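# A structural walkthrough
Each chain, letter by letter, is given below.
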Amino acid sequence: MVSNYSIEAPTSQLKRAQWFKQKLESSRAAKILLFTLTILGTSMVMGDGTLTPSISVLSAVSGIKEKAPNLTQTQVVWISVAILFLLFSVQRFGTDKVGYTFAPVISVWFVLIAGIGLYNLVVHDVGVLRAFNPWYIVQYFKRNGKEGWVSLGGVILCVTGTEGMFADLGHFNIRAVQISFNGILFPSVVLCYIGQAAYLRKFPENVGDTFYKSIPAPLFWPTFIIAILAAIIASQAMLSGAFAILSKALSLGCLPRVQVIHTSKKYEGQVYIPEVNFMMGLASIIVTIAFRTTTSIGNAYGICVVTTFSITTHLMTVVMLVIWKKHIVYVLLFYVVFGLTEMIYLSSILSKFIQGGYLPFCFALVLMTLMATWHYVHVKRYWYELDHIVPTNQMTALLEKNDVRRIPGVGLLYTELVQGIPPVFPRLIKKIPSVHSIFLFMSIKHLPIPHVLPAERFLFRQVGPREQRIFRCVARYGYSDALEEPKDFASFLADRLKMFIQEEVAFAQNDAENDDEAATDHQAPPRPPRRSTGSVVHSEEAIQSRGSTHSGRITFHASQTAEEEKQLIDREVERGVVYLMGEANVSAGPNSSVLKKIVVNYIYTFLRKNLTEGHKALAIPKDQLLKVGITYEI
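Residues numbered from 1 in each chain as written. Predicted model: local features only at pLDDT ≥ 70, side-chain atom pairs only at ≥ 80, totals over all residues. Heavy atoms only, no water.

- As recorded by an unreviewed UniProt entry, the protein carries the name Potassium transporter and is attributed to Zea mays.
- UniProt, in its Subcellular location (unreviewed entry) section for the protein, records the words "Membrane".
- Listed under Function (unreviewed entry) in UniProt, the entry text for the protein is "Potassium transporter." (UniProt positions renumbered as here; feature names shortened; annotations may be inferred.)

In C-alpha cells, the structure reads:
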C-alpha cells in the first residue's frame, strides 16, 4: 500500500512527542543542527565504506609475510590494490548475487576462527577466562592510568562492523539478523579473541601480528585464503550500507541526481550507484597506497566508526521521542548509557588524530560541503519555481497572449511540480511561440513500494479547456520498477492517455444522461452538464446538445468524439515525441554575500555540470531532447 493512516489514542507519550516535534520544527537552530548531524553521519558512513575495504584487505593480505618474509610492504600494498579493484568491480552484480556467492565462505570463516580460538584457549592458557570478572577492568585502569585510556582507541576496533547493521535491515528481516548475530557471529568472534588472549599470555612478543601467528601450521594457508575472501565480504556489507544511505539522501534532494540501480526485487535497500562506487573505489585505493600500513588506517577507521556510533545515538534518541514515543525513562537511560560510553571511546581515539585520524574528517568536510550546497540550492530553486507558477486556469490567456501555434507531435515537459504551470513553460512559448498538438506536463515520482501496477502507473489531469489537448501526467514507479525504454514509454503513455480520454468521456456521458433524466422527470428543460475544474473532461457535443433528450444520440456523439481523440493521439505519436527539460542556471542575487556567491555560482554549478545529467538518469534519448534555458536568481 502507498500509505496507511491510523489514529492514535491520546497519551502522555503522544503529547510529549507532538510538543517535541513542534519545538524542533519551529526552531531554525534545531533544524540546522539536525540536518548537520545527519549529513555528518552520512559522510562518516561514506568514509567508513571507503576505509573498511582498505583496512580489511590490507590486513588480510599482510598475513602472507608469515610464509613469504621476502615480500616487501610495497608488494603487499599492490596485491591489496588488485583485490580492491576486483572488489569494487563486482559491486554491479548486486548484494544478492555477491552474498549468495560468498555465503559458504563466510560460514567456513566463522567455523575456522571459532575453532582456532578454542584450540589456543585449551593449548595455551585457560586461565584467561577469568578476564570476564569486571574487577579486572578497574585494576587495568588503575595500573595503566592514561595509557589504559589511550588503549581504548584500539579496543574499539574489536566492535567495528556493528555500525553497518542498519544496512542488513535493508537486506534481511530483523529475526534473520538476530539469529545470525547471536547464534553465529558473536560466539565465533568472542572465541577468536579469547584464543588470541590465551596465545599472548604465552607469547607476548607476537602482539604485532597475533592472528596469523596463533594459527596452527596446517591451517595457515586455508585460513589465509578464507581471510582474504572474508575481508571482501566485510567490505561488501559496508559498501551496500553506503549505497543504501546515499539513495535516501538522493530522495531528500541532498545530492545531485545519479543513476540508482535496485539489484533486488524484494528488498528496497539493495541498491548500486555506479558513480559513487567508482569514487569510493578510487578513494580506497588511494588511501591504501598513501598510508601503506593498517596502523595509520586503523586510527582513521576507529574515529570514523565511533563518530558514526555517537551520531546514531543522538538521532536515535530523537526517533525514540518523536516516532516510537517511548517512555522518557527509557529514552534517558538509552542516551546516558550509550552516549557516555561512546564519548569515552571517542575521546580516547581522538588522541590519534594526527596519526591518520584526520582522514575521515577531511572526507566528511568535503562531502558535507557538497551535500549542504546541493540541498540549499535545490530547496531555494524549488521554492522559486513554486512562487512563480502560473495557475492552470490561466492557460488559455497565456497561449493567446503569446499567439501560440500548435505544431505536429507530442511534447513532454518534465517538471518536479505537480500543481500549476511551471515557470519554464511561459519562457518556452515566449521564445518559441509554438506548442505540440498534444502536450503534457510530466512528473516522475518514485514511491517507497517495490512495484506500481502498470494500470496505476500514470495519473492524468486536464489542464485548461479540453480542445487545447494539454494534460498533466504523474508517472509513478516503485523502487524495483525500471524506467521503460523511450519507445516503449511513449507507446505505453499514449495507450494510458487514450484510456483516460475514454473514461472521461464515459463519465461526461453518464452525467449528461442523468441530467436529461432529471429534466424529463420534472418536465423542465435540460441543463448542460457540469464542467469540472478537476480531471473530468466532458464531451463538447454533449454540452452543446442542450435541446436534445435522446440518450442514444448523446452516446453516439460521445463515442465518436472519444474515437476521434484517440485517433488523433495515434497520429501525433507517429509524428514524433519530443522531451523538453528546463536547463536551469541558478545564480546568487547581486546583493548576496561573498559566501553565498561562492556556494551557488561555483560549487553548485560545478556539481551540476560534472555529474549525471537529468536526461541520462531518466533514459531520455538525446536526439529527442530539447532543453529550455532559464536562469533563477536566489
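## Some details on the overall build of the protein
- Per the secondary structure count, the protein includes 22 helices and eight strands.
- With 634 residues in all, the protein has 44% of them scored as buried.
- Long-range pairs, those at least 24 residues apart, make up 79% of the contacts in the protein between residues at least 6 apart in sequence.
- Of the roughly 33700 Å² that the protein leaves accessible, carbon and sulfur atoms contribute 62%. (Helix = DSSP H or I, 4+ residues; strand = E, 2+ residues; numbered from the N terminus. Buried < 20%, exposed > 50% of the residue type's maximum accessible area, 1.4 Å probe, protein only. Contact = heavy atoms within 4.5 Å. Areas by Shrake-Rupley, 256 points an atom, 1.4 Å probe, with all protein chains shown as cover.)

## Concerning the sheet that holds strand β6 (residues 470-478)
- Strand order in the open sheet formed by six strands is β5-β6-β4-β3-β7-β8, and the pairing between neighbours is mixed. Both outer strands of the open sheet, β5 (458-462) and β8 (625-633), are each paired with one neighbouring strand and no more. Neighbour-to-neighbour, the strand axes of the sheet open up by a mean angle of 25°, direction not taken into account.
- Bridge count for strand β3 (residues 405-414) against strand β7 (residues 577-587) is five bridges, and the pairing is parallel. Among the inter-strand pairings, glycine 411 is bridged to a residue of β7, identified as valine 578. (Pairing = 2+ DSSP bridges. Axes fitted to C-alpha atoms, helices over the stretch in contact; angles between N-to-C directions.)

## Comments concerning the nonpolar core
- Grouped together as the largest cluster of nonpolar side chains are 70 residues, with contacts concentrated most on Leu51, Trp109, Tyr212, Phe243 and Met280.
- Top contributing element to this core by residue count: helix α10 (residues 220-251), with 16 residues.
- By size, the runner-up hydrophobic cluster in this structure holds 29 residues, among which are Met442, Ile444, Ala494 and Leu625. (Core = buried A, V, L, I, M, F, W, Y, C linked by side-chain atoms within 4.5 Å.)

## Looking at helix α1 (residues 12-26)
- In this model, α1 (15 residues) spans 21 Å end to end at C-alpha, consistent with the 21 Å of a helix rising 1.5 Å per residue.
- Within the span of α1, buried status applies to Leu14, Ala17 and Leu24. Here the buried residues of α1 occupy an arc of 90° about the axis, which is enough to place them on one side. For α1, the exposed residues lying more than 90 degrees away from the buried face are Lys15, Trp19, Gln22 and Ser26.
- For α1, the secondary structure elements touched by its buried residues are α2 (28-62) and α12 (294-322). (Expected span 1.5 Å × (residues − 1). Arc of directions from axis to C-beta.)

## Some thoughts on a positive patch on the surface
- Together, Lys401, Arg427, Lys430 and Lys431 make up a positively charged patch on the protein surface.
- Counting residues per element, the positive patch draws most heavily on helix α17 (residues 424-431), which supplies three residues.
- Along the chain, lysine 430 falls in helix α17. (Patch = residues over 30% accessible without salt bridge, like charges linked within 9 Å, V, L, I, M, F, W, Y side chains within 5 Å. Salt bridge = Lys/Arg side-chain N within 4 Å of Asp/Glu carboxyl O. Lys, Arg positive; Asp, Glu negative; His and termini not counted. Charge placed at Lys NZ, Arg CZ, Asp CG, Glu CD.)

## Focus: the pairing of β3
- One ladder, built from eight bridges, connects β3 with strand β4 (residues 434-447); its direction is parallel. By the bridge assignment, arginine 406 is partnered in β4 with valine 435.

## Regarding the side chain of arginine 476
- With respect to the element layout, arginine 476 can be found in strand β6.
- Salt bridges are absent for the buried arginine 476, whose nearest opposite-charge side chain, glutamate 456, sits at 4.6 Å.
- Residues in contact with arginine 476, not counting those within four places in the same chain, are Lys445, Leu447, Val452, Glu456, Arg457 and Leu459.

## What about unusual backbone geometry?
- Even without being a glycine, arginine 292 presents a positive backbone phi close to 70°.
- For arginine 292, the location among the structural elements is in the loop between α11 (274-291) and α12.
- Backbone geometry at aspartate 403 places phi at a positive 50°, although glycine is not the residue there.
- With respect to the element layout, aspartate 403 can be found in the loop between α16 (395-401) and β3.

## Brief notes about the packing of aromatic side chains
- For the structure shown, the criterion picks out 24 aromatic pairs.
- Taken together, a centroid distance of 5.4 Å and an interplanar angle of 80° make the contact between tyrosine 140 and phenylalanine 141 edge-to-face.
- On the accessibility criterion, tyrosine 140 (30% relative accessible area) is partly exposed.
- Ring geometry for phenylalanine 353 against phenylalanine 361: centres 5.8 Å apart, planes inclined by 45°, an arrangement best described as tilted.
- The exposure class assigned to phenylalanine 361 is partly exposed, which follows from its relative accessible area of 31%. (Phe/Tyr/Trp six-rings, centres within 6.5 Å; stacked < 30°, edge-to-face > 60°.)

## Things to note about the side chain of threonine 288
- As for its placement among the helices and strands, threonine 288 is situated in helix α11.
- For threonine 288, a relative accessible area of 0% puts it in the buried group.
- Sequence-distant contacts of threonine 288, that is, excluding residues within four places in its chain, are made with Ser54, Leu58, Val77, Ser80, Val81 and Leu84.

## Brief notes about the packing of α2 against α12
- Contact pair α2 / α12: the axes reach a minimum separation of 8 Å and the direction vectors enclose 145°. Classified by chirality, the crossing of α12 by α2 is left-handed.
- Residues of the contact of α2 with α12, tallied by class, amount to 16 nonpolar, 11 polar and one charged. (Left-handed = near helix turned anticlockwise from the far one by under 90°. Nonpolar A, V, L, I, M, F, W, Y, C, P; charged D, E, K, R; others polar.)

## With respect to the pattern of salt bridges
- Scanning the entire structure with this criterion turns up eight salt bridges.
- In this structure, the salt-bridge partner of arginine 381 is glutamate 385, at a minimum N-O distance of 3.7 Å. With arginine 381 and glutamate 385 both in helix α15 (residues 359-387), this residue pair falls four residues apart, about one helical turn.
- Across the pair arginine 466 and glutamate 565 runs a salt bridge, and its minimum N-O distance is 2.8 Å. With arginine 466 in the loop between β5 and β6 and glutamate 565 in helix α20 (residues 551-575), this residue pair connects regions lying 99 residues apart in the sequence.
- Using a relative accessible area of 15% as the deciding quantity, one classes arginine 466 as buried.
- With a relative accessible area of 13%, glutamate 565 lands in the buried category.
- Among the charged side chains, a salt-bridge network with shared partners connects Asp495, Lys498 and Asp570.

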